[in-house]
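# Remarks on the overall topology
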Amino acid sequence: ISEPTKVYEGVAVNNWMGTDVDLNAAGDILVVGIGSYDVGAIHRGACNIYHYNHTTGEWPDSPTRYYVGDHSSYNFGYSVVINAQGDRIAVGAPTDNTGGANDGAVFIIDYDHAAGVWPGGDGTEASIIPGRIKTYSGLANVNSGTSLSFNAAGDVLAIGSPGVTAVVTGYVDI
């Protein structure tokens, strides 16, 4: 392990840049969670994807693609994970409220090999991403997506939901 060659900084105060980070197996695709990205709405969250440039031998100054949470207090990007090949990402939004107060959600983003790009455009909102997983929709304070882990292929996902309900003090789904 060597000294860092690139530093990415948050764009606003209380951004939580680097809430979670993950690299593919080759170490040339970096996913960065920004759990409290506040541009446009407080704590909406974001996820940046960076591709290392093998020609120049440098990481880019700007993300290759970035996604944002839909609304305030989403915390999209609180957790992130990428598979070994680097063509599937899961992004946690543990305070997503679309099914119940803080029930949380996980979004799966697959690289489009035919087009050679990540889907959507920069700033695509989470609701546009087709791969949404709601493990406990309607069950308040579960915080699904607080932690995530893929197997190497990216076809098995473990989802941590440490929130407290009237019955249980946390869940792990696989």
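Since this is a predicted model, take the numbers as computed values, not measurements. Within each chain, residue numbers correspond to sequence positions counted from 1 in written order. Local features in this predicted model are restricted to residues whose pLDDT is 70 or higher, and side-chain atom pairs enter the listing and the counts only when it is 80 or higher, whereas totals over whole chains, interfaces and linings include all residues. Hydrogen atoms and water are omitted, and side-chain values are computed over all heavy atoms in the structure.

## With respect to the pairing of strand E3 (residues 46-51)
Residue exposure (1.4 Å probe, protein chains only): buried if accessible area is under 20% of the type maximum, exposed if over 50%, otherwise partly exposed. Under the DSSP-based scheme used, a helix requires at least four consecutive residues in state H or I and a strand at least two consecutive residues in state E, with every element numbered from the N terminus. Counting buried residues in E3 gives 5 out of 6 residues, a clear majority hidden from the surface. Across 6 bridges, the pairing between strand E2 (residues 29-34) and E3 is antiparallel. The residue bridging Val31 from the neighbouring strand is Ile49, located in E3. Only strands that DSSP links by at least two bridges are regarded as paired with each other.

## Here's the deal with the pairing of strand E1 (residues 17-23)
Looking at chain direction, E1 and E2 are connected through 5 bridges and run antiparallel. Considered in E2, the bridge of Val21 is made with Val32. Counting the residues between successive antiparallel strands, the hairpin from E1 to E2 contains 5 residues, one of them, Gly27, with a positive phi of roughly 75°.

## Things to note about the sheet that holds strand E10 (residues 147-150)
The strand order E10-E11-E12 describes an open sheet built from 3 strands, whose pairing is antiparallel. Both edges of this open sheet fall to E10 and strand E12 (169-173), since each of them pairs with a single strand only. Across the sheet, the mean angle separating the axes of adjacent strands is 10° when strand polarity is ignored. Relative to E12, strand E11 (residues 157-164) is paired through 4 bridges, and the arrangement is antiparallel. Along E12, the bridge assignment pairs Gly160 with Val172. Simply put, an axis is a line fit to the C-alpha atoms, just over the touching stretch for a helix, and the angle between two N-to-C directions goes from 0 to 180 degrees.

## Some remarks on the pattern of salt bridges
Only one rule defines a salt bridge in this text: a Lys or Arg side-chain nitrogen within 4 Å of an Asp or Glu carboxyl oxygen. Across all of its chains, the model carries 7 salt bridges by this definition. In this structure, the salt-bridge partner of Arg88 is Asp110, at a minimum N-O distance of 2.5 Å. Of this pair, Arg88 sits in strand E6 (residues 88-93) while Asp110 sits in strand E7 (residues 105-110), and the two are 22 residues apart along the sequence. Note on Asp110: relative accessible area 33%, which makes it partly exposed. For Asp96, the salt bridge is made with Lys134, and the minimal N-O distance between the two is 2.8 Å. Placement of the pair is Asp96 in the loop between E6 and E7 and Lys134 in the loop between strand E9 (131-133) and E10, with a sequence separation of 38 residues.

## Observations regarding unusual backbone geometry
The phi angle of most residues is negative, glycine excepted, and most peptide bonds adopt the trans form. At Asn141, a position not held by glycine, the phi torsion is positive, near 65°. On the secondary structure map, Asn141 appears in the loop between E9 and E10. A positive phi angle, near 60°, is found at Asn143, a position not held by glycine. For Asn143, a relative accessible area of 18% translates into the label buried.

## Some points on the nonpolar core
For our purposes a nonpolar core is just a set of buried Ala, Val, Leu, Ile, Met, Phe, Trp, Tyr and Cys residues, chained together by side-chain atoms within 4.5 Å. Core analysis: the biggest nonpolar cluster contains 18 residues, and Tyr67, Phe76, Ile89, Val91, Phe107 and Ile109 have the highest contact counts within it. Elements represented by at least two residues in this core include exactly E2, E3, strand E5 (79-82), E6 and E7. Not counting residues within four places of it along the chain, the set of residues in contact with Phe107 comprises Tyr74, Phe76, Ile89, Ala90, Val91, Ala93, Asp96, Ala126, Ile129, Gly131 and Arg132. Counting residues in each nonpolar core, the second largest holds 9 residues, with Tyr8, Ile34, Ala46 and Val68 among its members. The contact definition used throughout considers only heavy atoms, calling two residues in contact when any of these lie within 4.5 Å.

## Remarks on the environment of Gly160
Within the element layout of this structure, Gly160 appears in strand E11. Look at Gly160 and you get buried, because its relative accessible area is 7%. The sequence separation of Gly160 and Ala140 amounts to 20 residues, and the corresponding C-alpha distance is 15 Å. Discounting residues that sit within four places of it in the chain, Gly160 has contacts with Asn143, Ser144, Gly145, Thr146, Ser147 and Tyr171.

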